[in-house]
Amino acid sequence: MTDQDLPHSGEPPREMTASGPICDRMDNLQVQQVIQQMPFFGLVSLVAIIAVAFLYSSELDERPLAVYGWLGWALTAVTASLTGIRQLGHHPEQIPVKLRPWIIPLSAALLGSIWGFAGILFVKAIPDVRQAFSEFYRPTLFAVLISWQAITALSTYITRFKSFLLFVSFAFAPGLLYLAMTPSLINNSMAGVGSLFYCFLVLAGRRLGEISFRSQWLQLRNEDLIRFLESSKNTVEDVNRQLGAEIQERRNAEAQLQEINLNLEQKVRERTLALSDINRALRSSQERLTLAIDASGIGLWDWNLVTNEIYHSNFEQLLGYSRLELKGFMGQMQKIIHPDDYAQVRRALLNHLRKRRPLYEASYRIRHRLGHWIWVEDSGRVVAWNEKGLPIRLIGTRRDITPERETEEKLRLSASVFEHAAEGIYILDNEMRYLSVNPRFTQITGYTDAELHGRHIFDEGQSQPGKQLHYPTIMQGLNHEGEWQGEITETRKNGQSFPEWLHIAAVHDGHNDLTHYVGIISDLSQRKEAEEKLRYLSNYDRLTGLANRNLFRDRLHAAILRARDHNKGLAVLYIDMDRFRTINDSLGHELGDELLKKVAERLINTAVSADTLARLGSDEFTVILDQQVTRHNLESYCERIIDELRRPFRIGEHELLLGVSIGVSLFPEHGRELQVLMNHADLALHQAKRMGGNSMRFFSEDVHVVSVEQVNLESALRKAIFRDEFVVYYQPKVCLATGLIVGMEALVRWMHPSMGLLGPGQFIPLAEEAGLISAIGEIVLDKACRQTRIWQDMGLGRISTSVNVVAQQLHRGNLLEILDRVLVNTGLDPTLLELEITESSLMEDREHVKQMLEDVRQRGIKIALDDFGTGYSSLSYLKRFPIDILKIDQSFIYEIGHNENDEAIVRAIFAMAQSLGLKVVAEGVETEEHMEFLRAESCDLVQGFYISRPVPAEDINLLLERQRQAQPLSASAG
């Protein structure tokens, strides 16, 4: 439909619908209606043409050319119109685009011209009034035919008014004009009647066209409404289905949450009981330590060389002096120390203070308050030096050795002690020839006193290869130190070798002349066996003989390093027995232990290709596979284990049937860190149990069942970043040398709008999983730097602040940009900022991390290695990476006083740090025992609950203010 054909009144607006503009659809509908009506209209036209030709056939004799010409034109016009309309309906693409809108108007004009020409040709045939009235039938019939054509055209072009107007204009106008130009009574009457009829047709066509147009418009709108209603119905149905699914999911989540809450309450109760037991044990240990110090008679002293203040403990019992008298003890030393010993004590002290000796050690006589002399032994060391290398703090012990001196004298005179000593003892002359050996020596070595008498100690040939091997070292120690002790391997008389601890010392008379050598030997065989057994028990499960959790973690760590270096995969299998707890509780733990042994035996026979098979505890077993770790092979492997453990177990009179659930995590697909692989295998195991047990499952992200609370917490965590809901707490670091607070560790807390203050353990793992940890870290860095600058502006001292940096921040690549921006915005001196990183952060992309840390250090920022000793990196990283500070993990500090292995590890860390020039910070200090141990080992800084819990900046301000006020008092007292 073209713009010319649209009606001018009542025309609806052009609206957009789902199918396109409605006017375009209206135009297409109108065209289709004309196409449908056109065959009938053509048929009527042919009938009318034939009727006119027959009616005026008598004219052939007079004007044959005009009649035949009109007839040919009429047939041609009808044929052309029908052909054009048919082509438009069936093959519109064959008609040029510009011509398509004109096909219908042209067809109407052609068909109308047929009757226009006929009116001109045959109008003169209208009879004159003088003729008979019977001659009127031809014009009357002609008029009827034209009217019939006009009405048929109206039904055909009812929706195309302008096309209809063309038809009636071309059909009536020529004849009416011709009648008007040929005046007569009849012609004038016919012209008037025709004009009225013409006007009637035009008005009727206009009105019918509007009605048809509105009807079609409503039809299309109804169709659109029907489609919209159907679409809305489908949408509502989909929404209802989704709503039903969400309701079901919420019910499932609520059920799972209820189960989790019950389990959590049980774990809290168990943990509370465990903590109560630990507290009781700690109190008991504290009491035992206090009683042991009091009973031993050892006094502790701490000498501040700057203020000349000295702290003593247990000295009133040891020397009889009160605390008030001990305040001036250092100024009275020359008066109360024996004159013969004062020079020696002074020399030993100066040699240590001048770094000539690593320790200050001296034995001397001191006057008791009651007036008598007692022998005491001092042992101490400088634990703090100032920037000029001068000592500022000396810590040590003093003990009464008077009984020992008396005992030594008695030992030289008492043969009974020599004969019944628990250790092997021999006495040599000054030329190191045997004078005597005690019975215990004979029991240990097999050599009697008579066999050895007069023989040189190093003149025993192949019978004593241990002494021959260590001869130079032993002689050097005797010549310089007067004694030597160490472990050597000796051979008994029967040829059996054994480990021996030898302590040999030179004996001098009152004139300091060498008179004898005394040697003491201890058979270390039982101790070595005990150590070997302890080493075995620390790495293997006592019940099954399999590797335990410690050995499993070590081997998994090694397997991960091998897989990473060789670009290979490995698998971690978590195996858990179904229904074991029920059997263990109902039939007893002894039967349960036997069942576990048999399970271990079957696993050993089945898991022959495993790198490691371990028992983690209870009925949990693990397997490390580093060969053929494809999913298909692992599925087959797990099926063999399930089939093997599914067979009945015969224990006593019981025949037991068990199932087994297996969870599998793959490296590197499911994680590249040890703990991540273990956690994912455990999650897969729980998924297998939830599936009904007796099956295996690989870890997948679908295993994570995220509760509604976790989803809400993550959403709130994202909002908290923009709402500035994070606050920073600070935990002080104290310098052991000065006892002053010199640093802080910034620890983030979340002030949740409804849940209150949340610790990092409640949201940091979620932040790492959601990728928000970098944004939170940047907030903590900015707040910590601003607060540190505030302390500096308040004159509270040069307090350094350490901020934790996670691996994600190191690998994002914008850490340096963030540091520069924060330091510029806060105006903080970079030397007052420390960044704490974990060992695991150094594992990935080592060269990139190394370069970044070097750039950080160039800015003056210090770098601390956090949780040292718990990671997996090689100790060579301490030399490779720019590390300034080591932070010993609190798990080692916690066991000080209870676990000699942990104490040995801590000492090794101190020695290693000292050799590398690194400072050491001990975290997790909770008791005075921890403090004394760390002082004795010359630890630099400590932090922990013993000093202060993490507190807000306002509380730290009070601590620093009190410290500033106390410093002038300390200086004046000195």
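Residues numbered from 1 in each chain as written. Predicted model: local features only at pLDDT ≥ 70, side-chain atom pairs only at ≥ 80, totals over all residues. Heavy atoms only, no water.

(A) Seen up close, the overall build of the protein. Check the secondary structure of the protein and you find 32 helices and 28 strands. Looking at the 974 residues of the protein, the share that counts as buried comes to 43%. Looking at the protein alone, contacts between residues at least 24 apart form 63% of all its contacts between residues at least 6 apart. Carbon and sulfur atoms make up 54% of the accessible area of the protein, which totals about 52200 Å². (Helix = DSSP H or I, 4+ residues; strand = E, 2+ residues; numbered from the N terminus. Buried < 20%, exposed > 50% of the residue type's maximum accessible area, 1.4 Å probe, protein only. Contact = heavy atoms within 4.5 Å. Areas by Shrake-Rupley, 256 points an atom, 1.4 Å probe, with all protein chains shown as cover.)

(B) Main features of the packing of aromatic side chains. Under the counting rule described, the total for this entry stands at 9 aromatic pairs. For the ring pair tyrosine 426 and tyrosine 434, a centre distance of 5.6 Å and an interplane angle of 65° mean the geometry is edge-to-face. Residue tyrosine 426 is classed as buried on the basis of its relative accessible area, which comes to 0%. Their ring planes at 75° and their centres at 5.6 Å tell us that tyrosine 426 and phenylalanine 441 sit as a pair that is edge-to-face. Of this pair, tyrosine 426 sits in strand β8 (residues 424-429) while phenylalanine 441 sits in helix α13 (residues 439-445), and the two are 15 residues apart along the sequence. Side by side, tyrosine 426 and phenylalanine 441 carry an identical accessibility label, which is buried. Members of the aromatic cluster, each reached through a chain of ring pairs, are Tyr426, Tyr434 and Phe441. (Phe/Tyr/Trp six-rings, centres within 6.5 Å; stacked < 30°, edge-to-face > 60°.)

(C) Spatial organisation of unusual backbone geometry. Residue phenylalanine 667 is joined to proline 668 through a cis peptide bond whose omega torsion reads 0°. The residue proline 668 is located in the loop between β18 (659-667) and α21 (674-690) in this model. You will see that asparagine 567, though not glycine, has its phi angle at about 55°, which is positive. As for its position among the elements, asparagine 567 is in the loop between α17 (549-566) and β13 (570-578).

(D) Local environment of the pattern of salt bridges. Evaluation of the coordinates by the stated rule reveals 37 salt bridges. In this structure, aspartate 626 and arginine 562 form a salt bridge, with 3.6 Å as the shortest nitrogen-oxygen distance. Placement of the pair is aspartate 626 in the loop between β15 (620-625) and α20 (631-646) and arginine 562 in helix α17, with a sequence separation of 64 residues. Under the relative-accessibility criterion, aspartate 626 is labelled partly exposed at 24%. As a salt-bridge pair, glutamate 644 and arginine 647 come within 2.4 Å of each other at their nearest N and O atoms. Residue glutamate 644 is classed as partly exposed on the basis of its relative accessible area, which comes to 22%. (Salt bridge = Lys/Arg side-chain N within 4 Å of Asp/Glu carboxyl O.)

(E) Molecular detail of the packing of helix α3 (residues 103-122) against helix α5 (residues 161-181). The interhelical angle for the contact between α3 and α5, taken along N-to-C directions, is 15°, at an axis separation of 7 Å. The angle between α3 and α5 falls in the class roughly parallel. At the point where α3 passes α5, the crossing takes the right-handed sense. In this structure, α3 uses Ile104, Pro105, Ala108, Ala109, Leu111, Gly112, Ser113, Trp115, Gly116, Gly119 and Ile120 to contact α5, whose residues at the interface are Ser163, Leu166, Phe167, Phe170, Ala171, Pro174, Gly175 and Tyr178. Of the residues belonging to the contact of α3 with α5, the class tally is 13 nonpolar, 6 polar and no charged. (Axes fitted to C-alpha atoms, helices over the stretch in contact; angles between N-to-C directions. Parallel < 35°, antiparallel > 145°, perpendicular 65-115°, else oblique. Left-handed = near helix turned anticlockwise from the far one by under 90°. Nonpolar A, V, L, I, M, F, W, Y, C, P; charged D, E, K, R; others polar.)

(F) Spatial organisation of the sheet that holds β8. Sheet architecture is open: 5 strands sit in the order β9-β8-β12-β11-β10, paired in antiparallel fashion. Each edge of the sheet is formed by a strand with only one pairing partner; in this case those strands are β9 (434-437) and β10 (483-491). Each neighbouring strand pair of the sheet contributes to a mean axis angle of 25°, computed without reference to strand direction. Note that strand β11 (residues 497-508) and strand β12 (residues 514-523) share 9 bridges and pair antiparallel. Bridge assignment links valine 507 to a residue of β12, and that residue is histidine 516. (Pairing = 2+ DSSP bridges.)

(G) Representation of the sheet that holds strand β5 (residues 360-367) in the model. Spatial strand order, β4-β3-β7-β6-β5: 5 strands in an open sheet with antiparallel pairing. Only two strands of the sheet have a single neighbouring strand rather than two, namely β4 (309-313) and β5. Across this sheet, the average inter-strand angle for adjacent strands is 25°, counted without regard to direction. Alignment of β5 against strand β6 (residues 373-385), held across 8 bridges, turns out to be antiparallel. Bridged to tyrosine 364 within β6 is valine 376. The sheet strands contacting helix α10 (residues 339-353) are β3 (298-304), β5, β6 and β7 (391-400), and the helix crosses β5 at an angle near 155°.

(H) Summary view of a nonpolar patch on the surface. Taken together, the side chains of Leu43, Val47 and Trp148 define a hydrophobic patch exposed on the protein surface, amounting to about 280 Å² of accessible area. The topology assignment puts tryptophan 148 in helix α4 (residues 137-156). (Patch = residues over 30% accessible without salt bridge, like charges linked within 9 Å, V, L, I, M, F, W, Y side chains within 5 Å.)

(I) Expanded view of the pairing of strand β21 (residues 741-752). Counting buried positions over the 12 residues of β21 gives 10, a clear majority of the element. When strand β20 (residues 726-735) meets β21, the two strands line up antiparallel, connected through 9 bridges. For phenylalanine 726, the partnering residue across the bridge sits in β21 and is tryptophan 750. Where β21 meets strand β23 (residues 800-804), 4 bridges bridge the pair, whose relative direction is parallel. Paired with glycine 743 across the two strands is serine 800, which belongs to β23. Pairing geometry for β21 and strand β22 (residues 756-758), over 3 bridges, is antiparallel. In the strand pairing of β22, histidine 752 is matched with glycine 756. Connecting β21 to the antiparallel partner β22 that follows it, the hairpin turn spans 3 residues.

(J) Seen up close, the packing of helix α19 (residues 589-606) against α20. Direction vectors running N to C along α19 and α20 enclose 145°, while the axes themselves pass 10 Å from each other. The element α19 and its partner α20 pack so that their crossing is right-handed. Between α19, through Val599, Arg602, Leu603 and Thr606, and α20, the contact on the second element is made entirely by Tyr637, Arg640, Ile641, Glu644 and Leu645. Residue composition of the contact of α19 with α20, grouped by class: 5 nonpolar, 1 polar and 3 charged.

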